[in-house]
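Remarks on the overall topology
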Amino acid sequence: MAALCALACDLPIKDPPPAEVELEDPPLDPRTLFETQARPELALSCQGCHSREQDTVKPFLVEGREYESIVAYEMGRFLTPRPEQSILLTKGVHMGPALTEGQYQKVLAWLQVEVATRGVSAASSPSTPSVAVRAGDFYISLEGLVGDPLSKITFKLEPRHAGIYRLSELRISAGPVTGIKIKNPILILYSINGARRDPADSLSGVELTLQPQQSATLGTGTVLLTNVPQNARLGLAFQIISQVNPKPLEMFQCKDFALFDARVRPTLQAPCSTLCHGMGAADPRAAQAFGAFDMTQARSTDPAVLRQFCLRTLGRVNLADPARSVLILQATPAEAGGTTNHPYKLPQHMTFAQNVVQWAAAEK
Ligand code: HEC
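Residues numbered from 1 in each chain as written. Predicted model: local features only at pLDDT ≥ 70, side-chain atom pairs only at ≥ 80, totals over all residues. Heavy atoms only, no water.

With respect to the overall build of the chain
- The helix and strand inventory of the chain stands at eleven helices and eleven strands.
- Structurally, the chain occupies a C-alpha span of about 65 × 45 × 45 Å along its principal axes.
- Residue burial in the chain is summarised as follows: out of 364 residues, 51% are buried.
- Restricting the contact set of the chain to residue pairs at least 6 apart, pairs at least 24 apart contribute 65%.
- Carbon together with sulfur atoms contributes 55% to the accessible area of the chain, which is approximately 16,700 Å² in total.
- Of the charged side chains in the chain, 34 are positive and 35 negative; the average position of the first set lies 4 Å away from that of the second. (Helix = DSSP H or I, 4+ residues; strand = E, 2+ residues; numbered from the N terminus. Buried < 20%, exposed > 50% of the residue type's maximum accessible area, 1.4 Å probe, protein only. Contact = heavy atoms within 4.5 Å. Areas by Shrake-Rupley, 256 points an atom, 1.4 Å probe, with all protein chains shown as cover. Lys, Arg positive; Asp, Glu negative; His and termini not counted. Charge placed at Lys NZ, Arg CZ, Asp CG, Glu CD.)

Points about the state of the cysteines
- Counted by the stated rule, this structure contains one disulfide.
- Between the sulfur atoms of Cys254 and its disulfide mate Cys310 the distance is 2.1 Å. Its S-S torsion of approximately -120° makes the covalent link between Cys254 and Cys310 left-handed. A residue pair is termed long-range when its members are at least 10 positions apart, and Cys254 in the loop between strand 11 (233–244) and helix 7 (257–277) and Cys310 in helix 9 (residues 303–314) qualify at 56 residues.
- Here Cys310 falls in the buried class, since its relative accessible area comes to 0%.
- For the unlinked cysteine Cys276, the closest cysteine sulfur is that of Cys272, found at 9.5 Å.
- For Cys276, a relative accessible area of 15% translates into the label buried. (Disulfide = S-S within 2.5 Å.)

Points about the coordination of the iron atom of the ligand
- Bound to the iron atom of the ligand on the protein side are His50 (NE2) and His94 (NE2), at distances that span 2.0 Å.
- Taken together, the six donor atoms surrounding the iron atom of the ligand define angles of 89 to 179° at the centre, an arrangement classified as octahedral. With His50 in helix 2 (residues 47–50) and His94 in the loop between helix 4 (87–90) and helix 5 (101–118), this residue pair connects regions lying 44 residues apart in the sequence. (Donors = N, O, S within 2.8 Å, 3.2 Å for Na, K, Ca; no water. Tetrahedral: all angles 85-135°; square planar, octahedral: opposite > 155°, others 65-115°.)

Some remarks on the domain arrangement of the chain
- Along its sequence, the chain is organised into domain 1 (8–16 + 130–248), domain 2 (30–118) and domain 3 (253–363).
- The distance between the C-alpha centroids of domain 1 and domain 3 comes to 22 Å. (Domains from an automatic or database assignment.)

Written out as C-alpha coordinates, the structure reads:
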(Lines give C-alpha, C1' and ligand atoms only; values in the text may rest on other atoms or scores of the structure.)
Protein backbone atom coordinates (compact mmCIF):
# COMPACT_ATOMS: atom_id res chain seq x y z
CA MET A 1 0.00 0.00 0.00
CA ALA A 2 1.19 3.51 -0.63
CA ALA A 3 0.78 4.08 3.07
CA LEU A 4 3.54 6.66 3.31
CA CYS A 5 2.19 8.90 0.60
CA ALA A 6 0.20 10.87 3.12
CA LEU A 7 -1.43 13.96 1.71
CA ALA A 8 -2.64 17.19 3.25
CA CYS A 9 -3.89 20.18 1.44
CA ASP A 10 -5.65 23.21 2.69
CA LEU A 11 -8.04 25.12 0.63
CA PRO A 12 -9.02 28.53 1.93
CA ILE A 13 -11.96 29.43 -0.27
CA LYS A 14 -13.68 32.10 1.79
CA ASP A 15 -12.13 35.09 3.55
CA PRO A 16 -8.50 34.46 2.69
CA PRO A 17 -6.23 36.70 4.77
CA PRO A 18 -5.26 39.97 3.07
CA ALA A 19 -2.62 39.39 0.43
CA GLU A 20 0.07 41.33 2.27
CA VAL A 21 -0.10 38.90 5.19
CA GLU A 22 2.30 36.38 3.73
CA LEU A 23 1.64 33.42 5.98
CA GLU A 24 3.88 30.45 5.73
CA ASP A 25 2.76 27.18 7.13
CA PRO A 26 4.60 26.64 10.38
CA PRO A 27 6.95 23.69 9.83
CA LEU A 28 5.82 21.34 12.57
CA ASP A 29 6.49 17.92 11.13
CA PRO A 30 8.44 15.72 13.56
CA ARG A 31 11.70 15.79 11.65
CA THR A 32 11.74 19.54 11.19
CA LEU A 33 10.90 20.08 14.86
CA PHE A 34 13.74 17.77 15.81
CA GLU A 35 16.17 19.61 13.55
CA THR A 36 15.14 23.10 14.66
CA GLN A 37 14.29 22.59 18.34
CA ALA A 38 15.86 19.47 19.79
CA ARG A 39 19.01 18.78 17.81
CA PRO A 40 20.84 22.06 18.57
CA GLU A 41 20.39 21.46 22.32
CA LEU A 42 21.34 17.80 22.20
CA ALA A 43 24.35 18.62 20.04
CA LEU A 44 25.50 21.18 22.58
CA SER A 45 25.16 19.10 25.73
CA CYS A 46 24.95 15.44 24.82
CA GLN A 47 26.45 14.62 21.45
CA GLY A 48 30.05 14.89 22.63
CA CYS A 49 29.57 11.52 24.32
CA HIS A 50 26.48 10.03 22.66
CA SER A 51 27.75 10.16 19.11
CA ARG A 52 29.72 7.13 20.27
CA GLU A 53 29.01 4.10 22.42
CA GLN A 54 28.99 4.80 26.20
CA ASP A 55 29.36 1.70 28.39
CA THR A 56 26.57 -0.50 27.07
CA VAL A 57 24.65 2.47 25.66
CA LYS A 58 24.61 2.47 21.85
CA PRO A 59 25.19 5.80 20.07
CA PHE A 60 21.95 7.75 19.61
CA LEU A 61 23.33 11.04 18.26
CA VAL A 62 25.44 9.77 15.38
CA GLU A 63 27.07 12.65 13.45
CA GLY A 64 25.04 13.42 10.34
CA ARG A 65 22.40 10.82 11.25
CA GLU A 66 21.13 12.37 14.46
CA TYR A 67 17.44 12.02 13.66
CA GLU A 68 17.65 8.48 12.30
CA SER A 69 19.73 7.28 15.23
CA ILE A 70 17.66 8.86 18.00
CA VAL A 71 14.27 7.60 16.75
CA ALA A 72 15.63 4.12 16.08
CA TYR A 73 17.55 3.85 19.39
CA GLU A 74 16.79 0.50 21.09
CA MET A 75 13.74 0.00 18.83
CA GLY A 76 12.18 3.31 19.77
CA ARG A 77 13.02 3.27 23.50
CA PHE A 78 12.87 7.09 23.66
CA LEU A 79 9.43 7.27 22.00
CA THR A 80 7.29 6.32 24.98
CA PRO A 81 3.50 6.73 24.80
CA ARG A 82 3.82 9.43 27.46
CA PRO A 83 6.71 11.55 26.23
CA GLU A 84 7.46 13.04 29.68
CA GLN A 85 8.34 9.49 30.80
CA SER A 86 11.02 9.09 28.12
CA ILE A 87 14.40 8.30 29.66
CA LEU A 88 15.83 10.91 27.31
CA LEU A 89 14.07 13.48 29.52
CA THR A 90 14.21 11.72 32.88
CA LYS A 91 17.88 10.65 32.84
CA GLY A 92 19.02 13.74 34.72
CA VAL A 93 22.59 14.15 35.94
CA HIS A 94 24.78 11.14 35.16
CA MET A 95 28.26 11.17 33.77
CA GLY A 96 26.69 13.75 31.49
CA PRO A 97 24.67 16.78 32.57
CA ALA A 98 20.90 16.99 33.05
CA LEU A 99 18.92 18.87 30.43
CA THR A 100 18.28 22.47 31.50
CA GLU A 101 14.62 23.51 31.86
CA GLY A 102 14.71 25.23 28.45
CA GLN A 103 16.30 22.20 26.79
CA TYR A 104 13.81 19.89 28.47
CA GLN A 105 10.85 21.85 27.01
CA LYS A 106 12.28 21.76 23.49
CA VAL A 107 13.04 18.05 23.54
CA LEU A 108 9.61 17.37 25.09
CA ALA A 109 7.87 19.38 22.34
CA TRP A 110 9.61 17.33 19.66
CA LEU A 111 8.86 14.02 21.41
CA GLN A 112 5.17 14.92 21.75
CA VAL A 113 4.87 15.64 18.04
CA GLU A 114 6.93 12.60 17.06
CA VAL A 115 4.80 10.28 19.20
CA ALA A 116 1.44 11.79 18.19
CA THR A 117 2.37 11.59 14.51
CA ARG A 118 3.41 7.97 14.72
CA GLY A 119 0.49 7.03 16.90
CA VAL A 120 2.71 5.32 19.47
CA SER A 121 0.42 6.74 22.11
CA ALA A 122 -1.91 4.22 23.68
CA ALA A 123 -5.08 3.49 21.78
CA SER A 124 -4.61 5.70 18.79
CA SER A 125 -3.79 5.41 15.11
CA PRO A 126 -1.00 7.40 13.48
CA SER A 127 -2.28 10.90 12.88
CA THR A 128 -3.45 12.26 9.55
CA PRO A 129 -1.36 14.93 7.87
CA SER A 130 -2.00 18.29 9.51
CA VAL A 131 -3.17 21.64 8.14
CA ALA A 132 -2.28 25.14 9.33
CA VAL A 133 -4.99 26.59 11.57
CA ARG A 134 -6.56 29.67 9.95
CA ALA A 135 -9.81 30.72 8.30
CA GLY A 136 -10.72 28.57 5.33
CA ASP A 137 -12.07 25.32 3.93
CA PHE A 138 -9.77 22.37 4.47
CA TYR A 139 -9.08 18.97 3.03
CA ILE A 140 -7.07 16.19 4.72
CA SER A 141 -6.39 12.96 2.86
CA LEU A 142 -6.90 9.65 4.63
CA GLU A 143 -4.82 7.78 2.07
CA GLY A 144 -2.03 7.14 4.57
CA LEU A 145 -4.49 5.54 7.01
CA VAL A 146 -6.85 3.56 4.75
CA GLY A 147 -4.96 3.33 1.45
CA ASP A 148 -7.58 5.05 -0.69
CA PRO A 149 -6.24 8.13 -2.50
CA LEU A 150 -9.75 9.57 -2.76
CA SER A 151 -10.73 9.22 0.93
CA LYS A 152 -10.72 12.40 2.95
CA ILE A 153 -11.84 14.55 5.86
CA THR A 154 -13.13 18.03 5.10
CA PHE A 155 -14.05 20.95 7.36
CA LYS A 156 -14.27 24.69 7.67
CA LEU A 157 -12.40 26.83 10.23
CA GLU A 158 -13.37 30.29 11.42
CA PRO A 159 -11.53 32.32 14.07
CA ARG A 160 -13.82 33.50 16.88
CA HIS A 161 -11.67 35.22 19.51
CA ALA A 162 -7.99 35.08 20.30
CA GLY A 163 -7.12 31.39 20.51
CA ILE A 164 -10.64 30.21 19.69
CA TYR A 165 -11.70 28.66 16.40
CA ARG A 166 -15.00 27.21 15.30
CA LEU A 167 -14.62 24.03 13.29
CA SER A 168 -17.72 23.19 11.27
CA GLU A 169 -19.02 21.04 8.41
CA LEU A 170 -16.68 18.30 9.61
CA ARG A 171 -17.19 15.33 7.29
CA ILE A 172 -15.50 12.08 6.41
CA SER A 173 -15.74 10.64 2.88
CA ALA A 174 -14.76 7.21 1.67
CA GLY A 175 -13.34 6.91 -1.84
CA PRO A 176 -14.13 4.16 -4.34
CA VAL A 177 -11.41 1.75 -3.16
CA THR A 178 -12.58 0.96 0.36
CA GLY A 179 -15.24 1.59 2.96
CA ILE A 180 -14.04 3.00 6.29
CA LYS A 181 -14.79 2.15 9.89
CA ILE A 182 -13.80 4.64 12.59
CA LYS A 183 -14.13 4.95 16.33
CA ASN A 184 -13.37 7.89 18.61
CA PRO A 185 -11.69 10.49 16.39
CA ILE A 186 -9.21 12.68 18.28
CA LEU A 187 -8.33 16.25 17.27
CA ILE A 188 -4.64 17.06 17.77
CA LEU A 189 -3.20 20.57 17.86
CA TYR A 190 0.47 20.93 16.99
CA SER A 191 2.62 23.94 17.80
CA ILE A 192 6.25 24.74 18.40
CA ASN A 193 5.51 23.78 22.02
CA GLY A 194 4.46 20.26 21.16
CA ALA A 195 1.32 18.25 20.44
CA ARG A 196 -1.83 18.29 22.50
CA ARG A 197 -5.20 16.54 22.17
CA ASP A 198 -8.37 18.60 22.11
CA PRO A 199 -8.96 18.75 25.90
CA ALA A 200 -12.73 18.57 25.47
CA ASP A 201 -12.31 15.33 23.48
CA SER A 202 -15.24 16.61 21.45
CA LEU A 203 -15.51 13.64 19.12
CA SER A 204 -15.24 10.81 21.63
CA GLY A 205 -18.16 8.45 21.24
CA VAL A 206 -18.30 8.92 17.47
CA GLU A 207 -18.35 5.55 15.79
CA LEU A 208 -19.38 4.90 12.21
CA THR A 209 -18.97 2.67 9.19
CA LEU A 210 -19.00 4.00 5.63
CA GLN A 211 -19.37 1.98 2.46
CA PRO A 212 -17.17 3.01 -0.51
CA GLN A 213 -18.12 6.46 -1.89
CA GLN A 214 -20.27 7.26 1.16
CA SER A 215 -19.70 10.26 3.37
CA ALA A 216 -20.99 11.32 6.77
CA THR A 217 -20.82 14.14 9.28
CA LEU A 218 -18.48 13.49 12.23
CA GLY A 219 -20.46 13.94 15.45
CA THR A 220 -22.50 17.13 15.21
CA GLY A 221 -20.03 18.40 12.62
CA THR A 222 -19.15 21.36 14.81
CA VAL A 223 -16.40 21.70 17.43
CA LEU A 224 -15.16 24.73 19.33
CA LEU A 225 -11.38 24.64 19.60
CA THR A 226 -10.08 26.63 22.56
CA ASN A 227 -6.57 27.62 23.68
CA VAL A 228 -5.30 27.28 20.14
CA PRO A 229 -1.61 28.29 20.16
CA GLN A 230 -0.21 30.80 17.67
CA ASN A 231 0.87 29.23 14.37
CA ALA A 232 -0.79 25.94 15.20
CA ARG A 233 -1.55 23.02 12.95
CA LEU A 234 -4.48 20.63 13.25
CA GLY A 235 -4.59 16.90 12.54
CA LEU A 236 -6.70 13.93 13.58
CA ALA A 237 -6.05 10.47 14.92
CA PHE A 238 -8.52 7.69 15.67
CA GLN A 239 -8.81 5.07 18.34
CA ILE A 240 -9.75 2.77 15.48
CA ILE A 241 -9.63 3.36 11.73
CA SER A 242 -9.82 0.47 9.30
CA GLN A 243 -10.84 -0.58 5.83
CA VAL A 244 -14.25 -2.12 5.11
CA ASN A 245 -14.62 -4.34 2.04
CA PRO A 246 -11.51 -2.99 0.29
CA LYS A 247 -10.91 -3.71 -3.40
CA PRO A 248 -7.48 -3.84 -5.02
CA LEU A 249 -6.25 -0.33 -5.80
CA GLU A 250 -5.29 -1.52 -9.32
CA MET A 251 -8.99 -1.81 -10.14
CA PHE A 252 -9.29 1.97 -10.15
CA GLN A 253 -7.92 4.35 -12.72
CA CYS A 254 -8.35 7.88 -13.95
CA LYS A 255 -10.84 8.08 -16.79
CA ASP A 256 -8.54 10.16 -18.96
CA PHE A 257 -5.06 9.17 -17.92
CA ALA A 258 -3.62 10.22 -21.31
CA LEU A 259 -4.75 13.81 -20.83
CA PHE A 260 -3.37 13.90 -17.29
CA ASP A 261 -0.09 12.42 -18.46
CA ALA A 262 0.31 14.91 -21.32
CA ARG A 263 -0.93 18.12 -19.70
CA VAL A 264 -0.76 17.95 -15.90
CA ARG A 265 1.94 15.48 -14.90
CA PRO A 266 4.87 17.28 -16.61
CA THR A 267 4.42 20.35 -14.37
CA LEU A 268 4.12 18.21 -11.25
CA GLN A 269 7.33 16.47 -12.23
CA ALA A 270 9.18 19.75 -12.75
CA PRO A 271 9.27 22.15 -11.14
CA CYS A 272 7.03 20.78 -8.34
CA SER A 273 8.70 17.45 -7.51
CA THR A 274 12.24 18.53 -8.32
CA LEU A 275 12.08 21.79 -6.35
CA CYS A 276 10.30 20.64 -3.24
CA HIS A 277 7.64 17.92 -3.44
CA GLY A 278 9.84 14.97 -4.35
CA MET A 279 12.53 12.69 -3.00
CA GLY A 280 15.91 14.41 -3.01
CA ALA A 281 14.59 17.98 -3.30
CA ALA A 282 17.03 20.36 -1.63
CA ASP A 283 14.60 23.04 -0.40
CA PRO A 284 14.58 23.30 3.42
CA ARG A 285 10.78 23.00 3.34
CA ALA A 286 10.88 19.75 1.38
CA ALA A 287 10.01 17.56 4.39
CA GLN A 288 6.80 19.51 4.78
CA ALA A 289 5.99 19.65 1.07
CA PHE A 290 6.63 15.96 0.87
CA GLY A 291 4.22 15.27 3.72
CA ALA A 292 1.57 17.41 2.04
CA PHE A 293 1.79 15.80 -1.41
CA ASP A 294 4.60 13.46 -2.33
CA MET A 295 4.96 13.86 -6.12
CA THR A 296 8.02 11.65 -6.59
CA GLN A 297 5.86 9.27 -8.65
CA ALA A 298 5.51 11.97 -11.32
CA ARG A 299 9.07 11.14 -12.44
CA SER A 300 8.42 7.45 -12.88
CA THR A 301 8.62 5.70 -16.25
CA ASP A 302 6.49 2.78 -15.02
CA PRO A 303 2.95 3.13 -16.45
CA ALA A 304 1.39 1.45 -13.39
CA VAL A 305 3.04 3.95 -11.04
CA LEU A 306 1.97 6.87 -13.22
CA ARG A 307 -1.62 5.62 -13.25
CA GLN A 308 -1.58 5.47 -9.48
CA PHE A 309 -0.14 8.98 -9.37
CA CYS A 310 -3.01 10.15 -11.57
CA LEU A 311 -5.51 8.84 -9.02
CA ARG A 312 -3.64 10.46 -6.13
CA THR A 313 -3.61 13.77 -7.99
CA LEU A 314 -7.33 13.41 -8.64
CA GLY A 315 -7.74 13.39 -4.84
CA ARG A 316 -6.71 17.08 -4.95
CA VAL A 317 -9.20 18.03 -7.63
CA ASN A 318 -12.60 19.41 -6.73
CA LEU A 319 -14.73 17.84 -9.46
CA ALA A 320 -17.72 19.99 -8.53
CA ASP A 321 -15.70 23.18 -9.09
CA PRO A 322 -12.37 22.31 -10.71
CA ALA A 323 -11.07 25.89 -10.80
CA ARG A 324 -11.23 25.86 -6.97
CA SER A 325 -9.12 22.70 -6.68
CA VAL A 326 -6.34 22.83 -4.14
CA LEU A 327 -4.02 21.57 -6.88
CA ILE A 328 -4.57 24.85 -8.73
CA LEU A 329 -4.94 27.25 -5.81
CA GLN A 330 -1.64 26.35 -4.15
CA ALA A 331 0.25 27.16 -7.34
CA THR A 332 -1.73 30.35 -8.09
CA PRO A 333 -0.60 33.74 -6.72
CA ALA A 334 -2.86 35.26 -4.06
CA GLU A 335 -3.61 38.29 -6.25
CA ALA A 336 -5.01 35.91 -8.87
CA GLY A 337 -7.23 34.19 -6.28
CA GLY A 338 -4.78 31.54 -5.06
CA THR A 339 -3.68 30.70 -1.54
CA THR A 340 -1.48 33.07 0.46
CA ASN A 341 0.29 30.42 2.52
CA HIS A 342 1.88 28.32 -0.21
CA PRO A 343 5.43 29.63 -0.62
CA TYR A 344 5.80 28.83 -4.32
CA LYS A 345 3.71 30.02 -7.27
CA LEU A 346 4.00 28.73 -10.83
CA PRO A 347 5.11 31.32 -13.38
CA GLN A 348 2.78 29.58 -15.87
CA HIS A 349 -0.09 29.24 -13.39
CA MET A 350 -2.80 30.17 -15.90
CA THR A 351 -1.80 27.50 -18.37
CA PHE A 352 -1.53 24.98 -15.54
CA ALA A 353 -5.01 25.90 -14.28
CA GLN A 354 -6.48 25.52 -17.78
CA ASN A 355 -4.88 22.11 -18.17
CA VAL A 356 -6.17 20.89 -14.80
CA VAL A 357 -9.68 22.16 -15.54
CA GLN A 358 -9.67 20.45 -18.92
CA TRP A 359 -8.51 17.18 -17.37
CA ALA A 360 -11.06 17.46 -14.54
CA ALA A 361 -13.87 17.79 -17.09
CA ALA A 362 -12.79 14.46 -18.55
CA GLU A 363 -12.81 12.85 -15.08
CA LYS A 364 -16.36 13.80 -14.17
C1 HEC B 1 30.48 13.03 29.48
C2 HEC B 1 29.77 12.08 28.63
C3 HEC B 1 28.25 12.19 28.57
C4 HEC B 1 27.51 13.28 28.23
C5 HEC B 1 27.99 14.68 27.87
C6 HEC B 1 26.13 12.86 28.24
N7 HEC B 1 26.05 11.55 28.59
FE8 HEC B 1 24.39 10.43 28.67
N9 HEC B 1 25.45 8.79 29.21
C10 HEC B 1 26.82 8.78 29.39
C11 HEC B 1 27.22 7.47 29.85
C12 HEC B 1 28.64 7.04 30.22
C13 HEC B 1 26.05 6.70 29.92
C14 HEC B 1 25.92 5.24 30.35
C15 HEC B 1 25.88 5.09 31.85
C16 HEC B 1 24.60 5.58 32.39
O17 HEC B 1 23.53 5.12 31.97
O18 HEC B 1 24.64 6.48 33.23
C19 HEC B 1 24.96 7.56 29.49
C20 HEC B 1 23.65 7.16 29.42
C21 HEC B 1 22.61 7.98 29.00
C22 HEC B 1 21.25 7.54 28.86
C23 HEC B 1 20.70 6.15 29.12
C24 HEC B 1 20.28 5.44 27.86
C25 HEC B 1 19.63 4.12 28.18
O26 HEC B 1 19.22 3.44 27.23
O27 HEC B 1 19.51 3.74 29.35
C28 HEC B 1 20.54 8.62 28.45
C29 HEC B 1 19.05 8.68 28.16
C30 HEC B 1 21.44 9.72 28.36
N31 HEC B 1 22.69 9.30 28.68
C32 HEC B 1 21.06 10.99 28.00
C33 HEC B 1 21.94 12.06 27.93
C34 HEC B 1 21.51 13.39 27.59
C35 HEC B 1 20.09 13.81 27.32
C36 HEC B 1 22.64 14.15 27.61
C37 HEC B 1 22.73 15.65 27.37
C38 HEC B 1 21.91 16.49 28.21
C39 HEC B 1 23.75 13.29 27.91
N40 HEC B 1 23.29 12.02 28.11
C41 HEC B 1 25.06 13.70 27.96
C42 HEC B 1 27.66 9.83 29.16
C43 HEC B 1 27.31 11.11 28.78
